[in-house]
Amino acid sequence: MNRQQLLQIAQSKIAEKRFYAEAQCDSLLQQLRNNPEYKRCERIFRMAQVQYAMQDGEDKSIAKSQLDKCKAEFDKILADLNLTEQDLRPKYSCTKCNDTGHIGMSACNCLETEMRNLLLTASNIIDTNCTFENLSDSNAHNKAVIKKARKVIENGQQNMLITGNTGTGKTTLMLACANLAVSLGKNVLFYTAYNLNSLFLEAHLSELKLKNDILNTLTDADILIIDDLGTEIVYKNVTAEYLFTVINERIARKKQTFVSTNLSLQDFRDRYDERIFSRLLDQNTTFVAKLEGSDKRLTSKPKKSGN
Ligand SMILES: [Zn+2]
């Protein structure tokens, strides 16, 4: 999904909200106008409004008192129905732009929000609460790694390879990277190595068009995150080959790829194609770091029993 497509979808989502708000309002008005007394009062009040707008000079004050009288009568009938004049207007979800997506010539904030929500939905991010603000690590080395990872997102250029034992916080860091990137309007794809490998297999077994669609989606995203590489089953002629194709194509297109793995660099080299290793470990283009520490999931305090 490129920015233009994203913008179009976001605009149509906002237009949908406007349409819904206006349809709800029309439906209420129609229902109210089935009541002859309401219909009469409303008509007289609207006519008084027009009269007031058209008059000037002395007649204006006569029109004003007539308008006030009609308004009081109209307010009363609304109050009897437990309504106010406010209820007769569409309830737009964005009161700044009335769900048009723009204020004058500028885009409204709600359009950006809608675009970010679309990016988030398309990203496979499983936890939106994992953010850099919520990351805490007492280990000074890990703190420095987290800080640098944040810079990598903000600069938008380098790849990232994060190694470390199980439970050192690699997935949490990858999720924080993903959430930050989405908040910056980046098109992110987050995959566990297991799920990505299944997708590779699906591509491999599909007809050419679907295969290309899958690979294009993987290479088009601004940021591709592969979490826990090394835990997936290696399918012969699939896993390493497709991984290389995707990573290589992404590097050629200057798109960022982030990988986390339990594997040591040596095991990484042994398990995958040497070409993947050398492409991904190019120190000029990749931030490589190891998270230290023991398994946080095993050392976290047990929850107190509630009863
Ligand atoms: Zn708005």
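Criteria and cut-off values
Residues numbered from 1 in each chain as written. Predicted model: local features only at pLDDT ≥ 70, side-chain atom pairs only at ≥ 80, totals over all residues. Heavy atoms only, no water. Helix = DSSP H or I, 4+ residues; strand = E, 2+ residues; numbered from the N terminus. Rg over C-alpha atoms; globule rule 2.2 N^0.38 Å. Buried < 20%, exposed > 50% of the residue type's maximum accessible area, 1.4 Å probe, protein only. Contact = heavy atoms within 4.5 Å. Areas by Shrake-Rupley, 256 points an atom, 1.4 Å probe, with all protein chains shown as cover. Lys, Arg positive; Asp, Glu negative; His and termini not counted. Charge placed at Lys NZ, Arg CZ, Asp CG, Glu CD. Core = buried A, V, L, I, M, F, W, Y, C linked by side-chain atoms within 4.5 Å. Domains from an automatic or database assignment. Salt bridge = Lys/Arg side-chain N within 4 Å of Asp/Glu carboxyl O. Donors = N, O, S within 2.8 Å, 3.2 Å for Na, K, Ca; no water. Tetrahedral: all angles 85-135°; square planar, octahedral: opposite > 155°, others 65-115°. Axes fitted to C-alpha atoms, helices over the stretch in contact; angles between N-to-C directions. Parallel < 35°, antiparallel > 145°, perpendicular 65-115°, else oblique. Nonpolar A, V, L, I, M, F, W, Y, C, P; charged D, E, K, R; others polar. Pairing = 2+ DSSP bridges. Right-handed = clockwise from strand over helix to strand, strands pointing away.

Caption draft 1: Structural context of the overall build of the protein chain. When helices and strands are counted, the protein chain shows 12 helices and seven strands. Over its C-alpha atoms the protein chain spans a radius of gyration of 29 Å, topping by over 25% the 19 Å that the globule rule assigns to 307 residues. Seen along its three principal axes, the alpha-carbon backbone of the protein chain occupies a region of about 90 × 55 × 40 Å. Counting the 307 residues in the protein chain, one finds 38% classified as buried. Of the contacts formed within the protein chain by residues at least 6 apart in sequence, a portion of 77% connects residues at least 24 apart. Of the roughly 18100 Å² of accessible surface on the protein chain, a fraction of 51% belongs to carbon and sulfur atoms. Here the protein chain contributes 42 positive and 38 negative side-chain charges, whose respective centroids are spaced 3 Å apart.

Caption draft 2: View of the nonpolar core. Within the largest apolar cluster, 39 residues are counted, with the highest numbers of intra-cluster contacts made by Phe132, Ile162, Leu173 and Phe258. Secondary-structure elements contributing two or more residues to this core are helix H1 (3–33), helix H4 (109–123), helix H5 (140–155), strand S3 (159–163), helix H6 (170–183), strand S4 (188–192), strand S5 (223–229) and strand S7 (286–290). Broken down by element, the residue count for this core peaks at nine residues, all from H6. When residues are assigned to domains, this core turns out to be shared by domain 1 (3–103) and domain 2 (124–296), each giving three or more. Grouped together as the second largest cluster of nonpolar side chains are 31 residues, Phe200, Ala203, Leu218 and Leu281 included.

Caption draft 3: Structural detail: the pattern of salt bridges. The tally for this structure, following the rule as stated, stands at 20 salt bridges. For Lys17, the salt bridge identified is with Glu114, shortest N-O distance 3.0 Å. You can see Lys17 sitting in helix H1 and its partner Glu114 sitting in helix H4, a full 97 residues away along the chain. On the basis of relative accessible area, Lys17 is assigned to the partly exposed category, the value being 37%. What makes Glu114 buried here is its relative accessible area of 9%. Measuring nitrogen to oxygen at the nearest pair gives 3.1 Å for the salt bridge that ties Glu249 to Arg253. Because the salt bridges share partners, they merge into one network encompassing Arg33, Glu42, Arg46, Lys71, Asp75 and Glu85.

Caption draft 4: Focus on the domain arrangement of the protein chain. Here the protein chain is partitioned into domain 1 (3–103) and domain 2 (124–296). Computed from C-alpha coordinates alone, the two centres of domain 1 and domain 2 are separated by 52 Å.

Caption draft 5: Structural detail: the coordination of the zinc ion. Looking at the zinc ion, the protein donor atoms are Cys94 (SG), Cys97 (SG), Cys108 (SG) and Cys110 (SG), and they sit 2.2 to 2.3 Å from it. For the zinc ion, the four donor atoms in the first shell make angles of 102 to 116 degrees at the metal, a pattern classed as tetrahedral. Positions of the donor residues of the zinc ion, expressed as sequence spacing, correspond to C-x2-C-x10-C-x1-C. Comparing Cys108 with Cys110, the two get one shared label, buried.

Caption draft 6: Up close: the packing of helix H7 (residues 193–205) against helix H8 (residues 208–220). Their axes nearest at 8 Å, the elements H7 and H8 cross at an angle of 150 degrees. When the axis of H7 is compared with that of H8, the two are roughly antiparallel. Facing H7, whose interface residues are Leu196, Leu199, Phe200, Glu202 and Ala203, H8 presents Leu210, Lys211, Ile214 and Leu218. The residue makeup of the contact of H7 with H8, split by class, is seven nonpolar, no polar and two charged.

Caption draft 7: Spatial organisation of the pairing of strand S6 (residues 256–261). Most of S6 is tucked away, with six of its six residues classed as buried. Side chains Gln256, Phe258 and Ser260 of S6 all project onto a buried face; the interleaved residues Thr257, Val259 and Thr261 project onto the opposite face, where all are buried too. Across four bridges, S3 lies against S6 in parallel orientation. Counterpart to Ile162 in the pairing with S6 is Ser260. Of the strand pairs in this sheet, S5 and S6 are connected by five bridges, and their pairing is parallel. Its bridge partner being in S6, Ile223 is matched across the sheet by Gln256. The parallel pair S5 and S6, bridged by helix H9 (residues 239–252), forms a crossover whose chirality is right-handed.

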